[in-house]
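This is what each chain is made of:
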Amino acid sequence: MTDSSSAAAVSLSRTPSLYVVATPLGNLQDITLRALGVLRAVDVIAAEDTRHSQRLLDACGIRTRLFALHQHNEQAAAGQLIERLAAGENVALITDAGTPAVSDPGARAVARVRAAGHPVVPVPGPCAAVAALSVAGFAEGGFRFVGFLPPKSAARRAALAGLRDDPSVLVFYEAPHRVAACVADLAAELGGERRLLVARELTKLHEEIACMPLADAEAWFAADPNRERGEFVLVVDGAPARDGLDGEAERVLGLLLAELPVKTAARLAAEITGVAKNALYARALELKGG
Ligand code: SAM
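Predicted, not measured: the structure shown is a model, and the values here were computed from it. (Residues numbered from 1 in each chain as written. Predicted model: local features only at pLDDT ≥ 70, side-chain atom pairs only at ≥ 80, totals over all residues. Heavy atoms only, no water.)

A. Quick look at the domain arrangement of the protein. What the domain assignment reports for the protein is domain 1 (4–125), domain 2 (129–236) and domain 3 (247–289). Taken over C-alpha atoms, the centre of domain 1 sits 30 Å from the centre of domain 2. Contact residues are listed per partner, giving 6 residues for domain 1 and 7 residues for domain 2. Of the roughly 490 Å² buried at the junction of domain 1 and domain 2 (both faces included), carbon and sulfur atoms supply 62%. Ranking the residues of domain 1 by area buried against domain 2 places Leu 25, Val 102 and Ser 103 at the top, with a combined share of 72%. At the boundary of domain 1 with domain 2, the tally comes to 0 salt bridges. Summed over the shared surface of domain 1 and domain 2, the result is 2 residue pairs in polar contact (both at pLDDT 80 or more). Its residues assigned to classes, the side of domain 1 that touches domain 2 shows 2 nonpolar, 3 polar and 1 charged. (Domains from an automatic or database assignment. Contact = heavy atoms within 4.5 Å. Buried area = accessible area lost by both parts, 1.4 Å probe. Salt bridge = Lys/Arg side-chain N within 4 Å of Asp/Glu carboxyl O. Polar contact = N/O pair within 3.5 Å; in protein donor to acceptor, adjacent residues only side chain to side chain. Nonpolar A, V, L, I, M, F, W, Y, C, P; charged D, E, K, R; others polar.)

What follows is the structure, encoded as structure tokens:
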């Protein structure tokens, strides 16, 4: 792929800026015209792995210089980046795949650049979490991006226990050597009846998307060793709405409702119990009406 015919002519801001540029997850055609234009127009590109990103730039016919900004040198590299901006250069930030700062380096550098008073401009594009979510068909409401869970099972299960009652669709990243153990823990902690979408090798040759109840997931991976290869996003349906409130929430709401208007009682009960305000408001209306 060369960018001579396809890259949009990009005019950068007059003020030297940091451009945070999303790059493909696997399929090079997913790079945006604007990303090509920005990567070509900036003075220098900070990249998580310069050798990896050089291949992307070569494939796109872009000759901009690269320097390394990864999790082990992020503070020092952020300093260099700020010096370059102060000297009037435009800089882009990219990682190995997808959107920088999403389970990737970048957030600390962005915070330092912003604190130093330089503009930070997003150049959006691929993100594995969003790509998986877009084909799950689960999200009526919100979603919660969890990213990587702890690698050890005990810590992972403790983290999952804290997510058990969350009605949001949950989005996880997982490494291939842990994915089977991870789905077993998901089923044990979140309940086997919830739906799981496995998004494997998105946008690549062996892309596979499968949907199943969590209870079936461990067996699904065991049925074919190839299914544990590659990169994974796991999307899990949110916790089902509970038919009533738990005893503590009922008690607190009842006490507040005896003294306060419905809206105030529901808001305070939500703050005290952590239960969703909407659920408390609906229950408060029932109690007042009945
Ligand atoms: N910044 C990236 C993004 O925007 O999605 C994520 C980087 S994180 C270090 C890498 C993880 O993202 C992988 O372990 C995997 O969970 C997920 N991932 C990245 N590329 C993927 C792909 N092509 N298919 C499925 N998951 C992918």
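B. Layout of the side chain of Thr 64. Here Thr 64 is to be found in the loop between α2 (50–60) and β3 (65–68). Here Leu 39 takes part through its backbone oxygen, which lies 2.6 Å from a polar atom of the side chain of Thr 64. A polar contact of 3.5 Å, which involves the side chain of Thr 64, links it to the backbone oxygen of Arg 40. If we ignore the near neighbours within four places in the chain, the residues touching Thr 64 are Leu 39, Arg 40, Val 42, Asp 43, Val 44, Ile 45 and Leu 57. (Helix = DSSP H or I, 4+ residues; strand = E, 2+ residues; numbered from the N terminus.)

C. How the structure looks around the sheet that holds strand β6 (residues 143–148). The 5 strands lie next to each other as β6-β7-β10-β8-β9, forming an open sheet whose pairing is mixed. Edge positions in the sheet fall to β6 and β9 (208–213), since each has one partner strand and no second. Mean inter-strand twist for the sheet, computed between neighbouring axes without regard to direction, equals 15°. Against the sheet, helix α7 (residues 179–190) contacts β7 (169–174), β8 (195–200) and β10 (232–236), and its axis sits at roughly 10° relative to β10. (Pairing = 2+ DSSP bridges. Axes fitted to C-alpha atoms, helices over the stretch in contact; angles between N-to-C directions.)

D. Fine view of the site of the ligand. Around the ligand, the surrounding shell holds 19 residues, and the nearest of these are Asp 104, Ala 128, Tyr 173, Leu 202 and Phe 232. Contact distances for the ligand include 3.4 Å between an oxygen atom and a backbone N or O atom of Glu 174. Contact distances for the ligand include 2.5 Å between an oxygen atom and a backbone N or O atom of Phe 232. When the ligand is considered free in solution it has 570 Å² of accessible area, and contact with the protein chains removes 90% of it. Judged by its atoms lying within 2 Å of the grid points, the ligand is housed in the second largest pocket. Every element with two or more residues in the shell around the ligand is listed here: β7 and β10. A domain-level breakdown of the shell around the ligand finds at least three residues from each of domain 1 (4–125) and domain 2 (129–236). (Near = heavy atom within 4 Å. Areas by Shrake-Rupley, 256 points an atom, 1.4 Å probe, with all protein chains shown as cover. 1 Å grid on protein atoms, 1.4 Å probe; cavity = no way out; pocket = protein on both sides within 12 Å on 5 of 7 lines; lining within 4 Å. Sits in = over half its atoms within 2 Å of the grid points.)

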